[in-house]
Amino acid sequence: MTIQITNHYQALTEIDAIQYALEKNLLEANQDYTCKEIGDGNLNLVFHITPTTGGTGIILKQALPYAKVVGESWPLTLERAYIEASALQWQATFVPTLVPKVFHIDKQLAITVLEDLSNLTILRTGLLNGNTYPKVGKDIGTFLAETLYHTSDYALHPFEKKKQVKRFSNPELCKITEDLVFTDPFFDSETNNFEVELKEQVESIWANDLLKLEVAKLKKQFLTETEALLHGDLHTGSVFVNENRTIVIDPEFAFYGPIGFDIGQVFANLLFAYLHHPEKIDRLQTLQEVWETYYQSFTDLWNKGTEDPYTKVEGYLPFTLTKHWEDALGFAGCEAIRRTIGLAHVADLDSIKNQNQRIHAKLVSLKIGQRLILERKSITSIQELLSLIHQEVSTV
Ligand code: SR1
Ligand code: MG
């Protein structure tokens, strides 16, 4: 039976997905195909279509008009699919080997067809399974420097920059972050979700006005600073890896925001990987490599030549990088807290089977999160950050 696929939005089934890809000449017609919906994220359908005889296929990603993690009661714009595809295409001009190839975009049906990356593993899963990826820290550091620098005022003419800020206006997805990362976890909100053993810590967070003042400042930065086109949701579930390749996927939260936000999300999610396997020190080495690569690559790009004459003024580059560092620490702190007690958790913490170890890891995450927010301006080096993490892991 064939199903009529119109230009009006409808959520595809596995059979529809094959038919759609055939109609759009994205698959060879004289073969049979198998399709499996493999989406394990919070928001979208992801179809993996392969020839029945085996081999590489394609990925067809379709946005749903609501947040899958909650259900149809949480409607969500379909425009995010187009924002994601547009971000991938722009990022590909700076880092073609670090993002997936986009084969096809359909604005009406909120579909993006992408290269098949099923021979790679989601970084979070790979790290949880105990694997190590020697290239990933440098690759993510490069991705951050290239995408953030080239989309910023340091690289773009002011007219072009403001055009891009408009193009990547993404209010609904930003609102999710504003609520779930910056607001709800710091108040007694309905969306929060935490184990009863954390209650005392959580209540002390809700009662800590000094902490909340700092989070308010970070949220204000997120709301108002249009420094660069961010990925917007750069956790370890947004990265595919194997020993040789790193591919950053899923920029549906892309928008113009503060540079430190992307860096901070990477820091926090590598911290979770370490808290899951505290014997695997390479997780923290990866974090260090992310920052050191970012620092060096951003510096090289800046020194090659920029739009703004002030970039030649002594002291402006260190001032800029210090801001990115301090912001990254603060945003990492918010991410650590929200993934521990907010709506959307991470498997790194939730899947720790031993109850005592799991609660310990979560308490450490909350403690480090608070310290990063409060002490972000006094932690001045990656070594100090790593010492703080070691100290908290061994004392809570
Ligand atoms: C309702 S969406 C929950 C979370 O999933 C996404 O990946 C983002 O991190 C968002 O905060
Ligand atoms: Mg995602």
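These numbers come from a predicted model, not from an experiment.

(A) Molecular detail of the overall build of the protein. Of the regular secondary structure elements, the protein holds 14 helices and 12 strands. For 396 residues, the compact-globule estimate of 2.2 N^0.38 gives 21 Å, and the C-alpha radius of gyration of the protein, at 21 Å, lies within 12% of that figure. Put simply, of all contacts in the protein between residues at least 6 apart along the chain, 70% involve residues at least 24 apart. A gap of 2 Å separates the mean positions of the 36 positive and 52 negative side-chain charges of the protein.

(B) Structural context of the UniProt feature "domain: Aminoglycoside phosphotransferase" (unreviewed entry) in the protein. UniProt's entry tags residues 34-268 with the feature "domain: Aminoglycoside phosphotransferase" (unreviewed entry), counted in the numbering of this structure. End-to-end, the C-alpha atoms of residues 34-268 are 37 Å apart, and along that stretch the chain is 40% helix and 21% strand.

(C) Expanded view of the nonpolar core. Counting 86 residues, the largest nonpolar core has F267, Y294 and L385 as the members making the most contacts within it. When residues of this core are assigned to domains, at least three map to each of domain 1 (14-115) and domain 2 (121-394). Among residues more than four places away in sequence, those in contact with Y294 are G141, L144, A145, L148, I259, I263, L321 and H324. Listed in part, the 18 residues of the second largest apolar core include Y20, C35, L45 and V113.

(D) Up close: helix α6 (residues 171-183). Looking at α6, one finds that the buried residues are L173, C174, I176, T177, E178, L180, V181, F182 and T183. Here the buried face of α6 lies against β5 (71-75), α2 (79-94), α8 (209-224), β12 (255-257), α9 (260-276) and α11 (316-341).

(E) Looking closely at the sheet that holds strand β11 (residues 246-248). The antiparallel open sheet is built from 3 strands, whose spatial order is β8-β10-β11. Two strands in the sheet have a free side with no partner beyond their single neighbour: β8 (121-122) and β11. Judged from the 2 bridges that link them, β8 and strand β10 (residues 239-241) form a sheet pairing that is antiparallel. The residue of β10 that forms the bridge with T121 is V241. Its contacts with the sheet put helix α4 (residues 136-150) on β10 and β11, and the angle it makes with β11 is roughly 35°.

(F) Structural context of the sheet that holds strand β7 (residues 111-115). Across the sheet, 5 strands lie side by side as β1-β2-β3-β7-β6; this open sheet has antiparallel pairing. For this open sheet the edge positions go to β1 (33-37) and β6 (102-106), each flanked by a neighbour on one side alone. Sheet twist, expressed as the mean angle between neighbouring strand axes with direction ignored, is 20°. One ladder, built from 5 bridges, connects β1 with strand β2 (residues 44-51); its direction is antiparallel. Paired with C35 across the strands is I49, a residue of β2. With respect to the sheet, helix α1 (residues 14-23) is in contact with β1, β2, β3 (58-63), β6 and β7, its orientation differing from that of β1 by roughly 125°.

(G) Representation of the pattern of salt bridges within the structure. On inspection of all chains with the given rule, the structure shows 26 salt bridges. For the salt bridge of R283 with D282, the shortest nitrogen-to-oxygen distance reads 2.8 Å. As far as the burial class goes, R283 and D282 line up, both buried. The shortest N-O distance in the salt bridge between R371 and E392 comes to 2.7 Å. Of the two residues, R371 is situated in helix α13 (residues 355-374) and E392 in helix α14 (residues 382-395); the sequence distance between them amounts to 21 residues. Taking relative accessible area as the criterion, R371 reaches 17% and is therefore assigned buried. Beyond isolated ion pairs, a larger network of salt bridges with shared partners links E195, D350, R358 and K362.

(H) A look at the pairing of β6. Where β6 meets β7, 4 bridges bridge the pair, whose relative direction is antiparallel. Bridging across to β7, I105 finds its partner in T112.

(I) How the structure looks around the site of ligand 1. With respect to spatial proximity, the complete set of residues near ligand 1 consists of N42, L43, V69, W74, I176, L180, D233, H235, F253, R338, R339 and A344. A distance of 2.6 Å is found between an oxygen atom of ligand 1 and a side-chain nitrogen or oxygen belonging to N42. In this structure, an oxygen atom belonging to ligand 1 sits 3.0 Å away from a side-chain N or O atom of R339. Burial of ligand 1 by the protein chains amounts to 95% of its free accessible area of 320 Å². Elements with a contribution of two residues or more to the shell around ligand 1: α6 and α11. Taken together, the residues that form the shell around ligand 1 break down as 7 nonpolar, 2 polar and 3 charged.

(J) The domain arrangement of the protein, seen in detail. In terms of domains, the protein is made up of domain 1 (14-115) and domain 2 (121-394). Of the residues lining the interface, 24 residues belong to domain 1; the matching set on domain 2 comes to 31 residues. Around 2300 Å² of area is buried between domain 1 and domain 2 when both sides are counted, 70% of it from carbon and sulfur atoms. The largest share of the area that domain 1 buries against domain 2 comes from I83, W90 and L98, three residues that together contribute 30% of it. Remark: the boundary between domain 1 and domain 2 carries 3 salt bridges. Scanning the region where domain 1 abuts domain 2 turns up 5 residue pairs in polar contact (both at pLDDT 80 or more). Secondary-structure elements contributing two or more residues to the side of domain 1 that touches domain 2 are β5 and α2.

Conventions adopted
Residues numbered from 1 in each chain as written. Chains lettered and ligands numbered in written order. Predicted model: local features only at pLDDT ≥ 70, side-chain atom pairs only at ≥ 80, totals over all residues. Heavy atoms only, no water. Helix = DSSP H or I, 4+ residues; strand = E, 2+ residues; numbered from the N terminus. Rg over C-alpha atoms; globule rule 2.2 N^0.38 Å. Contact = heavy atoms within 4.5 Å. Lys, Arg positive; Asp, Glu negative; His and termini not counted. Charge placed at Lys NZ, Arg CZ, Asp CG, Glu CD. UniProt positions renumbered as here; feature names shortened; annotations may be inferred. Core = buried A, V, L, I, M, F, W, Y, C linked by side-chain atoms within 4.5 Å. Buried < 20%, exposed > 50% of the residue type's maximum accessible area, 1.4 Å probe, protein only. Domains from an automatic or database assignment. Pairing = 2+ DSSP bridges. Axes fitted to C-alpha atoms, helices over the stretch in contact; angles between N-to-C directions. Salt bridge = Lys/Arg side-chain N within 4 Å of Asp/Glu carboxyl O. Near = heavy atom within 4 Å. Polar contact = N/O pair within 3.5 Å; in protein donor to acceptor, adjacent residues only side chain to side chain. Areas by Shrake-Rupley, 256 points an atom, 1.4 Å probe, with all protein chains shown as cover. Nonpolar A, V, L, I, M, F, W, Y, C, P; charged D, E, K, R; others polar. Buried area = accessible area lost by both parts, 1.4 Å probe.

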